[in-house]
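The lines below spell out each chain.
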Amino acid sequence: MKQQQALARGPNDPGLENPTRRNLLVGSAGAMAAVSLLGITPLAKASEPKSLPDYAAWKDRTALIVHSANTMETKRGAIGSGVITASDRLFVRNNLPAPPLSITDNADAWEVHIEGVRNPRTLTVGELKTMGVTTVASVLQCSGNGRAFFPHGAGGTQWKTGAAGCVMWTGVPLKNVVEELGGMADGVRYITGTGGESLPDGLDPKSIMVERSVPTRALDTALLAWEMNDTPLTHTHGGPLRLVVPGYYGVNNVKYVKNIAFTENQTDAKIQASGYRVREVGKPGSPDQPSMWEMNVKSWVTAPLATGRSGRNMIYGVAFGGVTALEKVEVSVDGGKSWKQARFLGPDLGPYAWRPFVMATELKPGEHRIVSRATDAEGNSQPEGRVDNERGYGHNGWSDHGVTVTVS
Ligand SMILES: Nc1nc2c(c(=O)[nH]1)N[C@H]1C(S)=C(S)[C@@H](COP(=O)(O)O)O[C@H]1N2
Ligand SMILES: [Mo]
């Protein structure tokens, strides 16, 4: 039990609900199956540098921190000054083992079933490609990005800043598909997407499946994407087809999507009902708590990270507003006592993209606490502190996200 507890709270925790995981792991004949299902290798030494799993072997290993076979984080210093995150540097996060690599072999033949519309239908990616197309730049960020900064030791992958990137998605606006199928059925309030992983026998499918509901207000912007950063969507990032909800936390962007249901209620899958719910430390998750949907305003410095030189320094970072456009970013090199506005760098790719920023500053020898604080177009600014919560979700406090730089 002790070891299982440790596993459930350890750095390889794939971030499902702790109670779920205990149910999976404790007193079950399939305990070892569950352990391997969740990609945990109990015997691996934490200190060993991990290699990339096969399904992500094409990634740039030097740009990533490999937490586990299902969780890879972009190093803070691997984000450059460009708007778009290179695909081979983008973080990866799977709650379940990924489906076979072969699912992208004949991408246009992949089928998605659409229900909760007047004329429910199964459509292939090839058919979707005739229903319209749009491209949007959007930040993809895991709900637990910044979890490592919570002092209570929130269970799950200990992401710092790198469970996030900004990419271009191309696909059909979901509202076009709905129109083609006669519009939404009466009483619909949610869009529910189901991931295409095949689930193992012997476990309650609802307890492990990736099925997420978002409010129908997201229909204005949601798309079914088959391309990321100008290339066919890779299996690693959810190809052949992914539900993309711009400005929403990563988990709502269902990979290998096989079913889209327009529903009256949210799915009762665990990942929705009690997972990804913000609640006080120590409390179990439940449907009445806020769900991880729209992202909040956030920024962090990407350079310098440890050392600077005496005199002129260029401070770089990234900032985004979630579902709201960004207004400004300020930077402080004295831990938040005084602030100066940074300059956005490069083109504005729309409200869901992040904006790289830069600020030139003179630094004297010594230690400097460098922090950044973004404000969105509705006047929401990052708080100084954090809202402690059981699973360490949604951290956008500027203080914890700062860096201490030594200038000599
Ligand atoms: N089908 C499916 N979709 C999924 C997941 C998953 O495990 N299966 N993980 C979600 C989570 S928690 C995140 S943060 C993002 C990660 O996307 P990426 O791996 O492309 O970076 O995918 C989301 N969509
Ligand atoms: Mo996530």
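Refer to the structure printed above.
Residues numbered from 1 in each chain as written. Chains lettered and ligands numbered in written order. Predicted model: local features only at pLDDT ≥ 70, side-chain atom pairs only at ≥ 80, totals over all residues. Heavy atoms only, no water.

A closer look at the overall build of the protein
Alright, step 1. Counting its regular elements, the protein contains seven helices and 22 strands.
Alright, step 2. Residue pairs at least 24 apart in sequence account for 71% of intrachain contacts in the protein once pairs closer than 6 positions are excluded.
Alright, step 3. In the structure as shown, the protein presents an accessible area of about 16,400 Å², 52% of it carried by carbon and sulfur atoms. (Helix = DSSP H or I, 4+ residues; strand = E, 2+ residues; numbered from the N terminus. Contact = heavy atoms within 4.5 Å. Areas by Shrake-Rupley, 256 points an atom, 1.4 Å probe, with all protein chains shown as cover.)

Quick look at the site of ligand 1
Alright, step 1. In the vicinity of ligand 1 lie 20 residues, with Asn95, Glu197, His237, Arg242 and Lys255 positioned nearest.
Alright, step 2. Contacts to ligand 1 include His237, whose side-chain N or O atom sits 2.7 Å from an oxygen atom.
Alright, step 3. Contact between ligand 1 and Lys255: an oxygen atom at 2.5 Å from a side-chain N or O atom of the residue.
Alright, step 4. For ligand 1, the accessible surface in isolation is 530 Å², of which the surrounding protein chains cover 100%.
Alright, step 5. Among the residues making up the shell around ligand 1, the classes are represented as ten nonpolar, six polar and four charged. (Near = heavy atom within 4 Å. Polar contact = N/O pair within 3.5 Å; in protein donor to acceptor, adjacent residues only side chain to side chain. Nonpolar A, V, L, I, M, F, W, Y, C, P; charged D, E, K, R; others polar.)

Description of the sheet that holds strand β22 (residues 403-407)
Alright, step 1. Pairing within the open sheet is mixed, and its five strands lie in the order β15-β22-β21-β17-β18. The open sheet has two edge strands with one neighbour each: β15 (307-308) and β18 (340-341).
Alright, step 2. As paired strands, strand β17 (residues 326-332) and β18 are joined by two bridges and run antiparallel to one another. Looking at β18, one finds that Val331 is bridged to Lys340. (Pairing = 2+ DSSP bridges.)

Quick word on the sheet that holds strand β3 (residues 92-93)
Alright, step 1. Here we have three strands laid out as an open sheet, ordered β1-β2-β3, and antiparallel in their pairing. If you trace the sheet from one side to the other, it starts and ends with β1 (64-68) and β3, each paired once.
Alright, step 2. Where β1 lies against strand β2 (residues 71-74), four bridges are found, and the strand directions are antiparallel. Within β2, the position partnered with Leu64 by the bridge is Thr74.

Regarding the side chain of Asp376
Alright, step 1. Mapped onto the elements of the fold, Asp376 is located in strand β21 (residues 366-376).
Alright, step 2. It is Lys328 that comes nearest to the buried, bridge-free Asp376 among opposite-charge side chains, at 11 Å.
Alright, step 3. A polar side-chain atom of Asp376 sits 2.8 Å from the main-chain amide nitrogen of Glu378.
Alright, step 4. For Asp376, the residues in contact, after removing those within four places along its chain, are Val297, Gly321, Thr324, Ala325, Leu326 and Glu327. (Buried < 20%, exposed > 50% of the residue type's maximum accessible area, 1.4 Å probe, protein only. Lys, Arg positive; Asp, Glu negative; His and termini not counted. Salt bridge = Lys/Arg side-chain N within 4 Å of Asp/Glu carboxyl O.)

Some words on the pairing of β21
Alright, step 1. Taking burial as the measure, the eleven residues of β21 include eight buried ones, the bulk of the element.
Alright, step 2. Both β17 and β21 contribute to a ladder of six bridges, which runs antiparallel. Bridge pairing links Val331 to Ser372 in β21.

Notes on the side chain of Thr161
Alright, step 1. Inspection of the secondary structure assignment puts Thr161 in the loop between β6 (134-141) and β7 (164-173).
Alright, step 2. When sequence neighbours within four positions are dropped, the list of residues in contact with Thr161 reads Glu73, Arg76, Asn145, Trp300 and His401.

A word on the pairing of strand β9 (residues 211-215)
Alright, step 1. For β9, the tally of buried residues reaches five of five residues, placing the bulk of the element in the interior.
Alright, step 2. Residues of β9 alternate between two faces, with Glu211, Ser213 and Pro215 on one and Arg212 and Val214 on the opposite face, all of them buried.
Alright, step 3. Two elements, strand β8 (residues 190-195) and β9, share five bridges in a ladder whose sense is antiparallel. Within β9, the position partnered with Thr192 by the bridge is Ser213.

A closer look at unusual backbone geometry
Alright, step 1. With an omega of 5°, the peptide bond running from Gly239 to Pro240 counts as cis.
Alright, step 2. Of note, the bond from Ala303 into Pro304 is cis; its omega dihedral lies within 30 degrees of zero at -10°.
Alright, step 3. Structurally, Pro304 is set in the loop between β14 (298-303) and β15.
Alright, step 4. One non-glycine residue with positive phi stands out, namely Asn229, at about 50°.

Focus on the nonpolar core
Alright, step 1. Core analysis: the biggest nonpolar cluster contains 33 residues, and Ile114, Leu128, Leu174, Val177, Leu224, Ile260 and Phe262 have the highest contact counts within it.
Alright, step 2. Counting only elements with at least two residues in this core, the list comes to β4 (111-115), α4 (125-128), α5 (174-180), β8, β10 (223-228) and β13 (257-263).
Alright, step 3. Those residues in contact with Ile114, other than ones at most four positions away along the chain, are Pro120, Arg121, Leu123, Val177, Leu181, Leu224, Ile260 and Phe262.
Alright, step 4. Core analysis: the next-biggest nonpolar cluster, separate from the first, contains 23 residues, Val210, Ile271, Met295 and Phe320 among them. (Core = buried A, V, L, I, M, F, W, Y, C linked by side-chain atoms within 4.5 Å.)

A look at the environment of Ser291
Alright, step 1. Structurally, Ser291 is set in the loop between α7 (270-273) and β14.
Alright, step 2. Taking C-alpha positions, Ser291 is 4.7 Å from Arg277, a pair spaced 14 residues apart along the chain.
Alright, step 3. Those residues in contact with Ser291, other than ones at most four positions away along the chain, are Arg212, Gln272, Tyr276 and Arg277.

Considerations on the pattern of salt bridges
Alright, step 1. Counted by the stated rule, this structure contains 13 salt bridges.
Alright, step 2. One salt bridge connects Arg355 with Asp348, and the closest N-O pair in it is separated by 3.8 Å.
Alright, step 3. With a relative accessible area of 51%, Asp348 lands in the exposed category.
Alright, step 4. Notably, a salt bridge pairs Asp400 with Arg386, separated by 2.5 Å at the nearest N-O pair. Taken together, the residues span a long stretch of sequence, with Asp400 in the loop between β21 and β22 and Arg386 in the loop between β21 and β22 at a distance of 14 residues.
Alright, step 5. Classification of Arg386 by relative accessible area gives partly exposed; the value is 31%.

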